[in-house]
Amino acid sequence: MLIFEPEIAYLHWFSGAARQRGRFELAFSQIGGSCMIGAAIGGGTGLYKGLRASTLAGETGKLRRTQVLNHVMKQGAASANTLGVVAVMYSGFGVLLSWARGEDDEYNTLAAASATGLLFKSSAGLKRCMLGGGVGFGLAAVYCLWASRVRMDNVRTMHF
């Protein structure tokens, strides 16, 4: 028989230690967040393009509204799909590297981002493939530097 003791379940809150989620658990929020951000950015871009195109075409009323909505939906879906695919690839590489190496650190982040850029642009030729890998590596390097700066600030404030 399983006995639930709430004081044991929440003991880590009182000791100040917080359980961190692993790479696999973070993948779900990263993928969902990327899709939502892509949809928002794409929707905004589609709204701008739709308003511009319908104004240039001289459309009014229901036709203009339909054209603007079509632009918003098409661009929003395309951007959400693109960012979602990139997030799935990055998360997949990150989880695989974390599992293979047995630890989750900046090396996994850099390798996963580079591999994502390489794979995402692999069908565009070798030059663009390398460019995609370089962009992935660069973005991951900026993130790792930012995360280590925040971590170092936290260490300094705890010790001084």
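Residues numbered from 1 in each chain as written. Predicted model: local features only at pLDDT ≥ 70, side-chain atom pairs only at ≥ 80, totals over all residues. Heavy atoms only, no water.

(A) Structural context of the packing of helix α3 (residues 23-57) against helix α4 (residues 61-101). Between α3 and α4, the least distance of the axes is 6 Å, while the angle of their chain directions is 155 degrees. With respect to α4, the element α3 is oriented roughly antiparallel. As for how α3 packs across α4, the hand of that crossing is right-handed. (Axes fitted to C-alpha atoms, helices over the stretch in contact; angles between N-to-C directions. Helix = DSSP H or I, 4+ residues; strand = E, 2+ residues; numbered from the N terminus. Parallel < 35°, antiparallel > 145°, perpendicular 65-115°, else oblique. Left-handed = near helix turned anticlockwise from the far one by under 90°.)

(B) Representation of the packing of aromatic side chains. According to the stated counting rule, one finds 2 aromatic pairs in the structure shown. On the numbers, 5.1 Å between centres and 85 degrees between planes, the contact of Phe24 with Phe28 is edge-to-face. Here Phe24 pairs with Phe28, and both are found in helix α3, just 4 residues apart, close to one helical turn. (Phe/Tyr/Trp six-rings, centres within 6.5 Å; stacked < 30°, edge-to-face > 60°.)

(C) Highlighting the packing of α4 against helix α5 (residues 106-120). One way to put it is that α4 packs onto α5 with a least axis distance of 8 Å and a crossing angle of 135 degrees. Of the possible angle classes, the one that applies to α4 and α5 is oblique. As for how α4 packs across α5, the hand of that crossing is right-handed. The residues of α5 that touch α4, namely those facing Thr82, Val85, Val86, Met89, Tyr90, Phe93, Gly94, Leu97, Ser98 and Arg101, are Tyr107, Asn108, Thr109, Ala111, Ala112, Ala113, Ala115, Thr116, Leu119 and Phe120. Classifying every residue of the contact of α4 with α5 gives 13 nonpolar, 6 polar and 1 charged. (Contact = heavy atoms within 4.5 Å. Nonpolar A, V, L, I, M, F, W, Y, C, P; charged D, E, K, R; others polar.)

(D) Inspection of the UniProt feature "transmembrane region" (unreviewed entry) in the protein chain at higher detail. Per the UniProt record, "transmembrane region" (unreviewed entry) is found at residues 80-100 and 130-148. Between the C-alpha atoms that bound residues 80-100 the distance is 30 Å, and the span itself is 100% helix and 0% strand. Within residues 130-148, the helical portion is 100% and the strand portion 0%, while the C-alpha atoms at the span's ends are 26 Å from each other. (UniProt positions renumbered as here; feature names shortened; annotations may be inferred.)

(E) Expanded view of the pattern of salt bridges. Tallying each qualifying case throughout the model produces 2 salt bridges. Residue Arg23 pairs with Asp104 through a salt bridge whose shortest N-O separation is 2.8 Å. Of the two residues, Arg23 is situated in helix α3 and Asp104 in the loop between α4 and α5; the sequence distance between them amounts to 81 residues. By relative accessible area, which is 12% here, Arg23 ends up buried. (Salt bridge = Lys/Arg side-chain N within 4 Å of Asp/Glu carboxyl O. Buried < 20%, exposed > 50% of the residue type's maximum accessible area, 1.4 Å probe, protein only.)

(F) Structural view of the side chain of Thr109. With respect to the secondary-structure elements, Thr109 resides in helix α5. The exposure class of Thr109 is buried, given its relative accessible area of 9%. Apart from residues no more than four positions distant in its own chain, Thr109 is found in contact with Arg23, Tyr90, Ala140, Tyr143 and Cys144.

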